[in-house]
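Structure assessment
These are the residues of each chain, in order.
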Amino acid sequence: MRLLLQLLLLLSLLTSCADPAPAEPPADDDDSSDDDDSSDDDDSADDDDDSAEPPDLDWDDDGLPNEFEDQIGTDPTRPDSDSDGYDDGDEYLNYFLPNDPGDYPYIGGYPRGPFEEAYSGEGFEPGQLSATWSHLDQYGQELQLHRFAGNVVLIYIDYEDAPGLGHIAPEVEAIYQARRSEGFVVLHFLTAGLFGPAGYGPPFAQRYIEEHGLTFPVFEHPAPSPIATNYHLSPFVPHWTLLNRDLRIVVPSLSGHNDWPAVLGEIDVLLAEPAPDVGWPLPR
(Lines give C-alpha, C1' and ligand atoms only; values in the text may rest on other atoms or scores of the structure.)
Protein backbone atom coordinates (compact mmCIF):
# COMPACT_ATOMS: atom_id res chain seq x y z
CA MET A 1 0.00 0.00 0.00
CA ARG A 2 2.76 2.34 0.91
CA LEU A 3 4.48 1.53 -2.36
CA LEU A 4 1.29 2.40 -4.27
CA LEU A 5 1.03 5.80 -2.60
CA GLN A 6 4.65 6.55 -3.37
CA LEU A 7 4.08 5.71 -7.05
CA LEU A 8 1.01 8.02 -7.22
CA LEU A 9 2.96 10.88 -5.61
CA LEU A 10 5.80 10.45 -8.07
CA LEU A 11 3.39 10.48 -11.01
CA SER A 12 1.80 13.70 -9.73
CA LEU A 13 5.18 15.40 -9.45
CA LEU A 14 6.15 14.40 -12.98
CA THR A 15 2.90 15.79 -14.39
CA SER A 16 3.27 19.18 -12.71
CA CYS A 17 6.76 19.64 -14.13
CA ALA A 18 5.79 18.98 -17.77
CA ASP A 19 5.66 21.97 -20.26
CA PRO A 20 2.18 23.48 -20.54
CA ALA A 21 0.29 23.11 -23.82
CA PRO A 22 1.00 25.95 -26.21
CA ALA A 23 -1.70 28.70 -26.22
CA GLU A 24 -3.48 30.02 -29.34
CA PRO A 25 -1.35 32.59 -31.19
CA PRO A 26 -2.26 36.11 -30.07
CA ALA A 27 -3.88 38.52 -32.51
CA ASP A 28 -1.34 40.49 -34.52
CA ASP A 29 -1.26 43.66 -32.45
CA ASP A 30 0.97 45.41 -34.96
CA ASP A 31 -1.37 44.74 -37.88
CA SER A 32 -4.36 45.74 -35.82
CA SER A 33 -2.76 48.97 -34.69
CA ASP A 34 -1.69 49.72 -38.28
CA ASP A 35 -5.27 49.31 -39.43
CA ASP A 36 -6.55 51.51 -36.64
CA ASP A 37 -3.92 54.16 -37.34
CA SER A 38 -4.75 54.10 -41.02
CA SER A 39 -8.43 54.49 -40.28
CA ASP A 40 -7.72 57.38 -37.91
CA ASP A 41 -5.53 59.07 -40.53
CA ASP A 42 -8.28 58.77 -43.15
CA ASP A 43 -10.87 60.17 -40.79
CA SER A 44 -8.67 63.08 -39.90
CA ALA A 45 -8.00 63.83 -43.58
CA ASP A 46 -11.74 63.75 -44.22
CA ASP A 47 -12.26 66.15 -41.33
CA ASP A 48 -9.70 68.53 -42.85
CA ASP A 49 -11.44 68.41 -46.25
CA ASP A 50 -14.82 69.05 -44.65
CA SER A 51 -13.54 72.11 -42.82
CA ALA A 52 -12.14 73.71 -46.01
CA GLU A 53 -14.65 75.96 -47.83
CA PRO A 54 -15.34 74.79 -51.40
CA PRO A 55 -14.34 77.47 -53.92
CA ASP A 56 -17.86 77.59 -55.35
CA LEU A 57 -19.69 77.90 -52.02
CA ASP A 58 -22.48 80.47 -52.34
CA TRP A 59 -24.01 81.24 -48.95
CA ASP A 60 -26.72 83.58 -50.18
CA ASP A 61 -27.51 81.61 -53.37
CA ASP A 62 -27.26 84.71 -55.58
CA GLY A 63 -25.20 83.09 -58.34
CA LEU A 64 -21.83 84.50 -57.18
CA PRO A 65 -19.45 82.37 -55.05
CA ASN A 66 -18.45 83.78 -51.66
CA GLU A 67 -14.82 84.11 -52.71
CA PHE A 68 -15.80 86.12 -55.79
CA GLU A 69 -18.14 88.37 -53.80
CA ASP A 70 -15.21 89.22 -51.53
CA GLN A 71 -13.26 90.14 -54.66
CA ILE A 72 -15.87 92.56 -56.06
CA GLY A 73 -16.98 93.93 -52.70
CA THR A 74 -20.52 92.57 -52.41
CA ASP A 75 -21.94 90.91 -49.29
CA PRO A 76 -21.78 87.08 -49.53
CA THR A 77 -24.49 86.80 -46.86
CA ARG A 78 -27.05 88.98 -48.71
CA PRO A 79 -28.36 88.08 -52.16
CA ASP A 80 -29.17 91.74 -52.90
CA SER A 81 -26.28 93.78 -51.49
CA ASP A 82 -27.62 97.19 -52.57
CA SER A 83 -31.32 96.44 -51.81
CA ASP A 84 -32.49 97.50 -55.27
CA GLY A 85 -34.67 94.42 -55.80
CA TYR A 86 -32.22 92.50 -58.02
CA ASP A 87 -29.89 89.71 -56.87
CA ASP A 88 -26.16 90.44 -57.08
CA GLY A 89 -25.61 87.69 -59.66
CA ASP A 90 -28.45 88.90 -61.89
CA GLU A 91 -26.90 92.37 -61.90
CA TYR A 92 -23.19 91.67 -62.10
CA LEU A 93 -23.39 88.94 -64.75
CA ASN A 94 -25.40 91.34 -66.94
CA TYR A 95 -22.92 94.20 -66.43
CA PHE A 96 -24.78 96.16 -63.78
CA LEU A 97 -23.26 97.36 -60.50
CA PRO A 98 -24.55 95.25 -57.56
CA ASN A 99 -23.35 97.84 -55.03
CA ASP A 100 -25.17 100.76 -56.71
CA PRO A 101 -28.91 100.97 -55.89
CA GLY A 102 -29.42 103.28 -58.88
CA ASP A 103 -27.98 100.80 -61.39
CA TYR A 104 -30.16 97.79 -62.16
CA PRO A 105 -31.46 95.84 -65.18
CA TYR A 106 -33.63 97.78 -67.58
CA ILE A 107 -37.29 96.89 -67.77
CA GLY A 108 -37.00 96.79 -71.55
CA GLY A 109 -34.07 94.35 -71.43
CA TYR A 110 -31.89 96.41 -73.75
CA PRO A 111 -28.48 94.93 -74.71
CA ARG A 112 -25.60 95.96 -72.53
CA GLY A 113 -21.91 95.14 -72.27
CA PRO A 114 -19.10 95.75 -69.75
CA PHE A 115 -18.21 99.42 -69.46
CA GLU A 116 -15.64 101.73 -67.93
CA GLU A 117 -16.92 104.10 -65.26
CA ALA A 118 -14.26 106.57 -66.40
CA TYR A 119 -15.87 107.00 -69.85
CA SER A 120 -15.58 110.62 -70.96
CA GLY A 121 -17.20 111.80 -74.17
CA GLU A 122 -15.56 114.33 -76.45
CA GLY A 123 -18.39 115.82 -78.49
CA PHE A 124 -20.64 115.20 -81.48
CA GLU A 125 -18.21 115.47 -84.37
CA PRO A 126 -17.29 112.57 -86.70
CA GLY A 127 -14.53 110.45 -85.16
CA GLN A 128 -15.12 111.75 -81.64
CA LEU A 129 -16.26 109.72 -78.68
CA SER A 130 -19.88 110.73 -78.40
CA ALA A 131 -20.56 113.08 -75.52
CA THR A 132 -22.40 111.14 -72.86
CA TRP A 133 -25.92 112.01 -71.80
CA SER A 134 -28.84 110.50 -69.90
CA HIS A 135 -32.58 110.62 -70.41
CA LEU A 136 -35.73 108.84 -69.29
CA ASP A 137 -37.08 106.17 -71.61
CA GLN A 138 -40.67 105.05 -72.12
CA TYR A 139 -40.57 103.12 -68.83
CA GLY A 140 -39.34 106.10 -66.84
CA GLN A 141 -35.88 104.58 -66.39
CA GLU A 142 -32.82 106.75 -66.80
CA LEU A 143 -30.58 105.47 -69.59
CA GLN A 144 -27.01 106.73 -69.78
CA LEU A 145 -25.26 106.57 -73.13
CA HIS A 146 -21.88 105.43 -71.78
CA ARG A 147 -23.53 102.34 -70.25
CA PHE A 148 -24.05 101.02 -73.80
CA ALA A 149 -20.32 100.95 -74.56
CA GLY A 150 -19.38 97.69 -76.25
CA ASN A 151 -22.48 97.79 -78.47
CA VAL A 152 -23.07 99.29 -81.89
CA VAL A 153 -25.52 102.12 -81.21
CA LEU A 154 -27.99 103.58 -83.70
CA ILE A 155 -29.17 107.07 -82.76
CA TYR A 156 -32.52 107.25 -84.55
CA ILE A 157 -34.43 110.54 -84.81
CA ASP A 158 -37.98 110.71 -86.13
CA TYR A 159 -41.43 112.10 -85.41
CA GLU A 160 -44.91 110.67 -85.35
CA ASP A 161 -46.26 112.48 -88.39
CA ALA A 162 -44.48 110.35 -91.01
CA PRO A 163 -43.67 111.69 -94.51
CA GLY A 164 -45.55 110.46 -97.54
CA LEU A 165 -43.35 107.35 -97.91
CA GLY A 166 -44.71 105.95 -94.64
CA HIS A 167 -43.02 105.37 -91.31
CA ILE A 168 -39.75 103.45 -91.23
CA ALA A 169 -39.93 102.68 -87.48
CA PRO A 170 -41.18 99.09 -88.05
CA GLU A 171 -38.09 98.39 -90.21
CA VAL A 172 -35.85 99.75 -87.47
CA GLU A 173 -37.61 97.47 -84.98
CA ALA A 174 -37.04 94.47 -87.26
CA ILE A 175 -33.27 95.04 -87.49
CA TYR A 176 -33.13 95.64 -83.74
CA GLN A 177 -34.74 92.28 -83.04
CA ALA A 178 -32.57 90.51 -85.61
CA ARG A 179 -29.22 91.90 -84.39
CA ARG A 180 -29.62 92.79 -80.72
CA SER A 181 -28.05 89.49 -79.59
CA GLU A 182 -24.87 90.60 -81.42
CA GLY A 183 -24.70 93.80 -79.39
CA PHE A 184 -26.90 96.19 -81.35
CA VAL A 185 -28.80 99.01 -79.64
CA VAL A 186 -31.35 101.51 -80.97
CA LEU A 187 -31.83 104.74 -79.01
CA HIS A 188 -34.74 106.62 -80.53
CA PHE A 189 -35.45 110.33 -80.09
CA LEU A 190 -39.09 111.05 -80.84
CA THR A 191 -39.29 114.73 -81.63
CA ALA A 192 -41.87 117.17 -82.92
CA GLY A 193 -39.44 118.21 -85.63
CA LEU A 194 -36.85 120.96 -85.80
CA PHE A 195 -39.23 123.47 -87.35
CA GLY A 196 -42.18 123.33 -84.98
CA PRO A 197 -44.76 120.79 -83.84
CA ALA A 198 -45.78 118.01 -86.19
CA GLY A 199 -49.41 117.17 -86.95
CA TYR A 200 -49.66 115.01 -83.83
CA GLY A 201 -48.52 117.81 -81.54
CA PRO A 202 -45.91 117.13 -78.83
CA PRO A 203 -44.28 113.70 -79.05
CA PHE A 204 -46.19 110.99 -77.21
CA ALA A 205 -43.97 107.93 -76.81
CA GLN A 206 -46.57 105.40 -75.69
CA ARG A 207 -48.97 106.14 -78.52
CA TYR A 208 -46.09 105.93 -81.02
CA ILE A 209 -44.72 102.69 -79.54
CA GLU A 210 -48.10 100.98 -79.64
CA GLU A 211 -48.76 102.09 -83.20
CA HIS A 212 -45.53 100.57 -84.52
CA GLY A 213 -44.89 97.74 -82.02
CA LEU A 214 -41.53 99.09 -80.81
CA THR A 215 -39.39 97.58 -78.05
CA PHE A 216 -36.21 99.69 -78.18
CA PRO A 217 -35.79 102.77 -75.95
CA VAL A 218 -37.81 105.79 -77.04
CA PHE A 219 -37.18 109.27 -75.62
CA GLU A 220 -39.76 112.04 -75.87
CA HIS A 221 -37.90 115.12 -77.12
CA PRO A 222 -40.01 118.16 -77.97
CA ALA A 223 -38.35 120.61 -80.34
CA PRO A 224 -35.90 122.09 -79.89
CA SER A 225 -34.32 118.97 -78.37
CA PRO A 226 -30.68 119.56 -77.40
CA ILE A 227 -29.50 115.94 -77.63
CA ALA A 228 -31.35 115.17 -80.85
CA THR A 229 -30.22 118.47 -82.37
CA ASN A 230 -26.56 117.65 -81.67
CA TYR A 231 -26.83 114.41 -83.65
CA HIS A 232 -29.19 115.80 -86.28
CA LEU A 233 -26.93 117.27 -88.96
CA SER A 234 -29.64 117.31 -91.62
CA PRO A 235 -33.10 118.94 -91.58
CA PHE A 236 -34.74 115.74 -92.80
CA VAL A 237 -36.18 112.77 -90.92
CA PRO A 238 -35.82 109.91 -90.45
CA HIS A 239 -32.24 110.59 -89.43
CA TRP A 240 -29.53 108.22 -88.15
CA THR A 241 -26.15 108.53 -86.49
CA LEU A 242 -24.13 105.37 -85.86
CA LEU A 243 -21.66 104.85 -83.01
CA ASN A 244 -19.14 102.00 -83.04
CA ARG A 245 -18.52 99.69 -80.07
CA ASP A 246 -16.33 102.36 -78.44
CA LEU A 247 -19.18 104.88 -78.88
CA ARG A 248 -17.14 106.77 -81.44
CA ILE A 249 -19.19 108.61 -84.09
CA VAL A 250 -18.48 106.94 -87.42
CA VAL A 251 -21.52 107.97 -89.49
CA PRO A 252 -22.54 111.51 -88.57
CA SER A 253 -25.39 112.18 -90.99
CA LEU A 254 -27.68 109.79 -92.80
CA SER A 255 -31.17 111.10 -93.45
CA GLY A 256 -34.22 110.02 -95.35
CA HIS A 257 -35.65 106.73 -96.55
CA ASN A 258 -33.13 106.48 -99.38
CA ASP A 259 -30.26 106.25 -96.89
CA TRP A 260 -31.70 103.30 -94.95
CA PRO A 261 -29.91 100.62 -97.07
CA ALA A 262 -26.60 102.40 -96.40
CA VAL A 263 -27.37 102.39 -92.67
CA LEU A 264 -27.98 98.63 -92.75
CA GLY A 265 -24.68 98.05 -94.57
CA GLU A 266 -22.76 100.12 -92.03
CA ILE A 267 -24.39 98.24 -89.15
CA ASP A 268 -23.08 94.98 -90.66
CA VAL A 269 -19.54 96.42 -90.81
CA LEU A 270 -19.56 97.75 -87.24
CA LEU A 271 -21.04 94.59 -85.72
CA ALA A 272 -18.19 92.59 -87.27
CA GLU A 273 -15.66 94.59 -85.22
CA PRO A 274 -14.55 93.07 -81.89
CA ALA A 275 -15.85 94.54 -78.68
CA PRO A 276 -13.35 96.55 -76.61
CA ASP A 277 -11.49 94.69 -73.87
CA VAL A 278 -12.91 95.91 -70.57
CA GLY A 279 -11.70 94.68 -67.21
CA TRP A 280 -14.85 92.99 -65.93
CA PRO A 281 -13.77 89.85 -64.05
CA LEU A 282 -16.15 86.91 -64.06
CA PRO A 283 -16.40 83.99 -61.61
CA ARG A 284 -14.30 80.97 -62.57
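The sections below set out a description of the structure shown in this document. (Residues numbered from 1 in each chain as written. Predicted model: local features only at pLDDT ≥ 70, side-chain atom pairs only at ≥ 80, totals over all residues. Heavy atoms only, no water.)

1. Observations regarding helix H6 (residues 205-212)
The set of residues buried in H6 consists of Ala205, Tyr208, Ile209 and His212. Burial along H6 is one-sided: seen end-on, the buried residues are contained in an arc of 100°. For H6, the secondary structure elements touched by its buried residues are strand S3 (152-158), helix H5 (169-179), strand S4 (184-191) and strand S5 (218-221). (Buried < 20%, exposed > 50% of the residue type's maximum accessible area, 1.4 Å probe, protein only. Helix = DSSP H or I, 4+ residues; strand = E, 2+ residues; numbered from the N terminus. Arc of directions from axis to C-beta. Contact = heavy atoms within 4.5 Å.)

2. Some points on the side chain of Glu173
Secondary-structure assignment places Glu173 in helix H5. For Glu173, which is buried and forms no salt bridge, the nearest opposite charge comes from Arg180, at a distance of 6.4 Å. Those residues in contact with Glu173 that sit more than four places away from it in its chain are Gly213, Leu214, Thr215 and Phe216. (Lys, Arg positive; Asp, Glu negative; His and termini not counted. Salt bridge = Lys/Arg side-chain N within 4 Å of Asp/Glu carboxyl O.)

3. Details of the nonpolar core
In this structure, Leu154, Tyr156 and Tyr231 are the most contacted members of the largest nonpolar core, which totals 54 residues. The contacts of Leu154, once residues within four sequence positions are left out, are Val172, Phe184, Val185, Val186, Leu187, Trp240, Thr241, Leu242, Trp260 and Val263. (Core = buried A, V, L, I, M, F, W, Y, C linked by side-chain atoms within 4.5 Å.)

4. Here we look at the environment of Thr215
Along the chain, Thr215 falls in the loop between H6 and S5. As a C-alpha pair, Thr215 and Val186 span 29 residues in sequence and 9.4 Å in three-dimensional space. In this view, Thr215 contacts Tyr110, Gln138, Glu173, Tyr176 and Gln177; residues no more than four positions away in its chain are not counted. At a separation of 2.7 Å, a polar atom in the side chain of Thr215 contacts the side chain of Glu173. There is a polar contact of 2.7 Å between the side chain of Thr215 and the side chain of Gln177. (Polar contact = N/O pair within 3.5 Å; in protein donor to acceptor, adjacent residues only side chain to side chain.)

5. Examining the environment of Val172
Position of Val172 relative to the elements: it lies in helix H5. Here Val172 falls in the buried class, since its relative accessible area comes to 0%. Separated by 16 residues in sequence, Val172 and Tyr156 place their C-alpha atoms 8.7 Å apart. Those residues in contact with Val172 that sit more than four places away from it in its chain are Leu154, Tyr156, Val186, Phe216, Trp240 and Trp260.

6. Observations regarding the pattern of salt bridges
Note that side chains of opposite charge can pair when their charged atoms are close. In the structure shown here, the tally under the stated rule is 6 salt bridges. A salt bridge links Asp103 to Arg112; the nearest nitrogen and oxygen atoms lie 3.3 Å apart. The residues Asp103 and Arg112 share a single accessibility class, namely buried. In this structure, the salt-bridge partner of Asp268 is Arg179, at a minimum N-O distance of 2.5 Å. Here the residue Asp268 occupies a position in helix H8 (residues 260-271), and Arg179 occupies one in helix H5, the gap between them amounting to 89 residues. Residue Arg179 is classed as buried on the basis of its relative accessible area of 16%. By sharing partners, the salt bridges in this structure join Asp103, Arg112 and Arg147 into a single network.

Note that every value here comes from positions in space, so none of it alone points to a role or purpose.
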